Amino acid sequence: MFESLKPVAADPILGLMAAFREDPRDNKIDLGVGVYMNDRGQTPVMDAVKRAEAKLAELENTKSYQGIAGDAEYNSRMLELLFGSGHSVLGSGRVKSLQAPGGSGSLRVGAEVIRRARPEAKLWVGTPTWPNHIPLLGSAGFEIEEYPYYDIASREVNIDLMLETLRKVPAGDVVLLHGCCHNPTGADLTNQQWDQITDIALERGFVPFIDIAYQGLGDGLDEDAYGVRLMAEKLPELVIASSCSKNFGLYRERTGSITFIAQTSEQAEIVGGQAMSIARQIYSMPPAHGALLVSLILGDETLCADWKAELEEVRQRIISMRTLLADNIQNNAQGVDFSHIKRQKGMFSFLGIAPEHLVRLREEFGIYIVSSTRINLAGINSSNIDYLANAIRAVLK
Ligand SMILES: Cc1ncc(COP(=O)(O)O)c(C=O)c1O
């Protein structure tokens, strides 16, 4: 049987990570990997998570099955985090949220439900988008269309072309949007642009599918949810995939949520049931540990305040690395403008330098950056910033 299988093409990011690991240089820098790192280059367990784990170890009295929709308290606390406690949609009965395995599992369940509801719907994704969106959502069976998102020349959202394309999206199609901290570009929609897109969605009758994997890492927990909250208030239908991988640092615990807003509470019940039947077909039930931790943190005033303070430190560190890098390399021999790095949000930005510069950074300096030039700002710290900035200036001579 297996003799018919061909080897899978090597993943360029994994290849880069492997090359980084094998590089013997002490001063090597990994700007490719997509996880948060602190100033010591570590991806630590958050203190609030550690304390919740201690509490859970005491409280937990069974490992029996939890149910297809996951932990009910987690589901309701995640809705409050996403929408804010006073949001009009919360008491409407039109919302259903299920715990799912990470942002990725949530995206997939959302995609499968949409495919069941409207198999002819096309999925519109921005160019560029998180590379895994295409295989993850495309393999649910969607025909994928693209809308322009980022303008390489101006290093801004290509809003005119994006809106022009969205104005042509047929009613009933689905448009994927990044809730905040766009991956890979870091170029986010302004509140005014969210307003415009919401109006177009209403006019055209397409359904937005929002992927929010970085709530709290851009402008703040509430600020980052502007688009989600606006669309939830104004639109008849909405699908949202959210993740606790980054804002709770729970990557390997696979903790996420898929949330549906339907036109009526009856429809919301049916959508929830369909989502559960899909989950049952693919993985049966989500893992419990991460969601129980999130639920303990969000449900305890002190733990929640401490988690928010830790997350704020993460956010501020990323902003300060953005400023430090941009200011340090702005003055370069080729006059390349890096000021976009300071304007953009979240962990990523495109550095926007030529492929030959990337090769030199890797070969001469041990600095690893993926070919799109996407850099993880959290890979920068007080020990490597001078070396990094000098190296970038050197290859731009
Ligand atoms: C845009 C985006 N969506 C979703 C995810 C999924 O995250 P996870 O499945 O690890 O929760 C990521 C992770 O990098 C991401 O960048």
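Residues numbered from 1 in each chain as written. Predicted model: local features only at pLDDT ≥ 70, side-chain atom pairs only at ≥ 80, totals over all residues. Heavy atoms only, no water.

1. With respect to the site of the ligand
- The local shell around the ligand consists of Gly102, Gly103, Ser104, Trp130, Asn183, Asp211, Ala213, Tyr214, Ser243, Ser245, Lys246 and Arg254.
- Within the side chain of serine 243, one N or O atom sits 2.7 Å away from an oxygen atom of the ligand.
- Between the ligand and serine 245, the relevant distance is 2.6 Å, taken from an oxygen atom to a side-chain nitrogen or oxygen of the residue.
- When the free accessible area of the ligand is taken as 390 Å², the share hidden by the protein chains comes to 90%.
- Top contributing element to the shell around the ligand by residue count: helix 4 (residues 102-117), with 3 residues. (Near = heavy atom within 4 Å. Polar contact = N/O pair within 3.5 Å; in protein donor to acceptor, adjacent residues only side chain to side chain. Areas by Shrake-Rupley, 256 points an atom, 1.4 Å probe, with all protein chains shown as cover. Helix = DSSP H or I, 4+ residues; strand = E, 2+ residues; numbered from the N terminus.)

2. Some details on unusual backbone geometry
- That bond from threonine 127 to proline 128 is cis: its omega, -5°, falls within 30 degrees of zero.
- Mapping proline 128 onto the fold places it in the loop between strand 3 (123-127) and helix 5 (133-138).
- A cis amide bond links asparagine 183 with the next residue in sequence, proline 184, at an omega value of 20°.
- One non-glycine residue with positive phi stands out, namely cysteine 181, at about 50°.

3. Concerning the pairing of strand 8 (residues 207-212)
- For strand 8, the tally of buried residues reaches 6 of 6 residues, placing the bulk of the element in the interior.
- Side-chain alternation along strand 8 places Val207, Phe209 and Asp211 on one buried face and Pro208, Ile210 and Ile212 on a second face that is also buried.
- Here 5 bridges tie strand 7 (residues 174-178) to strand 8, and the two strands are oriented parallel to one another. Within the sheet, the bridge partner assigned to valine 175 lies in strand 8 and is proline 208.
- Running through helix 7 (residues 191-204), the crossover from strand 7 to the neighbouring parallel element strand 8 is right-handed.
- Sheet analysis places strand 8 next to strand 9 (residues 238-243), joined by 4 bridges and oriented parallel. Across the sheet, residue isoleucine 210 finds its bridge partner in strand 9, namely isoleucine 240. (Buried < 20%, exposed > 50% of the residue type's maximum accessible area, 1.4 Å probe, protein only. Pairing = 2+ DSSP bridges. Right-handed = clockwise from strand over helix to strand, strands pointing away.)

4. Points about the environment of alanine 100
- Looking at where alanine 100 falls in the secondary structure, it is placed in strand 2 (residues 95-100).
- With 32 residues separating them along the chain, alanine 100 and isoleucine 68 place their C-alpha atoms 8.8 Å apart.
- With residues up to four places along the chain from it excluded, the contact list for alanine 100 reads Gly105, Ser106, Arg254, Thr255, Gly256, Ser257, Ile258, Tyr283 and Pro286. (Contact = heavy atoms within 4.5 Å.)

5. A closer look at helix 7
- Counted at 1.5 Å a residue, the expected span for helix 7 with its 14 residues is 20 Å, and the 20 Å between its end C-alpha atoms agrees.
- Here helix 7 has its buried residues at Gln193, Trp194, Ile197, Thr198, Ile200 and Ala201. Down the axis of helix 7, the buried side of the element spans an arc of 165°, and every buried residue falls inside it. Seen from the open side of helix 7, the exposed residues pointing more than 90 degrees away from its buried face are Gln192 and Glu203.
- Where helix 7 is buried, its residues meet helix 6 (159-166), strand 7, strand 8 and helix 8 (226-234).
- Glycine 205 sits one or two positions beyond helix 7 and adopts a positive phi of about 85°. (Expected span 1.5 Å × (residues − 1). Arc of directions from axis to C-beta.)

6. What about the domain arrangement of the protein chain?
- What the domain assignment reports for the protein chain is domain 1 (2-45 + 304-395) and domain 2 (65-299).
- Centre-to-centre, using C-alpha coordinates, domain 1 lies 27 Å away from domain 2.
- Residue-level contacts link 27 residues of domain 1 with 27 residues of domain 2.
- Regarding the contact of domain 1 and domain 2, the summed buried area is about 2200 Å², with carbon and sulfur atoms giving 60% of it.
- In terms of surface lost to domain 2, no three residues of domain 1 exceed Trp307, Lys345 and Phe350, which account for 31% of the buried area on that side.
- In this structure, the connection of domain 1 to domain 2 is made through 2 salt bridges.
- Note that arginine 343 and glutamate 156 form a salt bridge whose closest N and O atoms lie 3.0 Å from each other.
- The interface formed by domain 1 and domain 2 contains 15 residue pairs in polar contact (both at pLDDT 80 or more).
- The leading source of residues in the side of domain 1 that touches domain 2 is helix 11 (residues 301-330), at 8 residues.
- In terms of residue class, the side of domain 1 that touches domain 2 is built from 14 nonpolar, 7 polar and 6 charged. (Domains from an automatic or database assignment. Buried area = accessible area lost by both parts, 1.4 Å probe. Salt bridge = Lys/Arg side-chain N within 4 Å of Asp/Glu carboxyl O. Nonpolar A, V, L, I, M, F, W, Y, C, P; charged D, E, K, R; others polar.)

7. Quick notes on the environment of alanine 52
- Structurally, alanine 52 is set in helix 2 (residues 47-59).
- In sequence terms alanine 52 and valine 239 are 187 residues apart; their C-alpha atoms lie 29 Å from each other.
- Filtering out sequence-adjacent residues up to four positions away, alanine 52 remains in contact with Leu293, Leu296, Ile297 and Leu303.

8. As for the sheet that holds strand 4 (residues 144-148)
- Taken together, 7 strands build an open sheet; the order of strands is 2-10-9-8-7-3-4 and the sheet is mixed. The outermost strands of the open sheet, each flanked by one partner alone, are strand 2 and strand 4. Adjacent strand axes in the sheet meet at a mean angle of 25°, parallel and antiparallel pairs treated alike.
- Strand direction decides the pairing type here: strand 3 and strand 7, joined by 2 bridges, are parallel. By the bridge assignment for strand 7, leucine 123 is matched with valine 174.
- The strands that helix 9 (residues 265-282) touches are strand 2 and strand 10 (256-261); relative to strand 2, the one it contacts most, it runs at about 15°. (Axes fitted to C-alpha atoms, helices over the stretch in contact; angles between N-to-C directions.)

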